[in-house]
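Coordinate analysis (summary)
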Amino acid sequence: MPVVSALKWIKSSYSEASGNNCVEVAWTQTGVALRDSKRPADVIVIGRASLGALVGSLRSGSLGTGR
């Protein structure tokens, strides 16, 4: 896993103005790191292809509503 403090984190454009309630993303050599700005120590690193598949599924609605 990459050193979290060395990553350049980018906040979502959907963040609230204070920046305290958002998803952050950082590109790594092997994939993409994701974290919640409220819990920056908890990081998930996934491959770029897996992230693309997840985003595609969310956009298409194939994952359902979660209810």
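Structure: above.
Now for a description of the structure that goes with this document. In this text the structure is predicted, and so the values were computed from the model without any measurement.

1. With respect to the overall build of the protein chain
- Each helix and strand in the protein chain was counted, giving one helix and four strands.
- In sequence order, the protein chain lays out its α and β elements as β-β-β-β-α.
- When contacts within the protein chain are restricted to residue pairs at least 6 apart in sequence, those whose partners lie at least 24 apart make up 16%.
- Accessible surface, the protein chain: about 5100 Å² in total, of which carbon and sulfur atoms supply 56%.

2. Details of the packing of aromatic side chains
- Taken as a whole and assessed by the stated rule, the structure comprises zero aromatic pairs.
- One Lys or Arg, arginine 35, reaches over the ring of tryptophan 9 and ends 3.9 Å from the middle of that ring.

Thresholds, definitions, all that
- Residues numbered from 1 in each chain as written.
- Predicted model: local features only at pLDDT ≥ 70, side-chain atom pairs only at ≥ 80, totals over all residues.
- Heavy atoms only, no water.
- Helix = DSSP H or I, 4+ residues; strand = E, 2+ residues; numbered from the N terminus.
- Contact = heavy atoms within 4.5 Å.
- Areas by Shrake-Rupley, 256 points an atom, 1.4 Å probe, with all protein chains shown as cover.
- Phe/Tyr/Trp six-rings, centres within 6.5 Å; stacked < 30°, edge-to-face > 60°.
- Lys NZ or Arg CZ within 6 Å of the ring centre and 35° of its normal.

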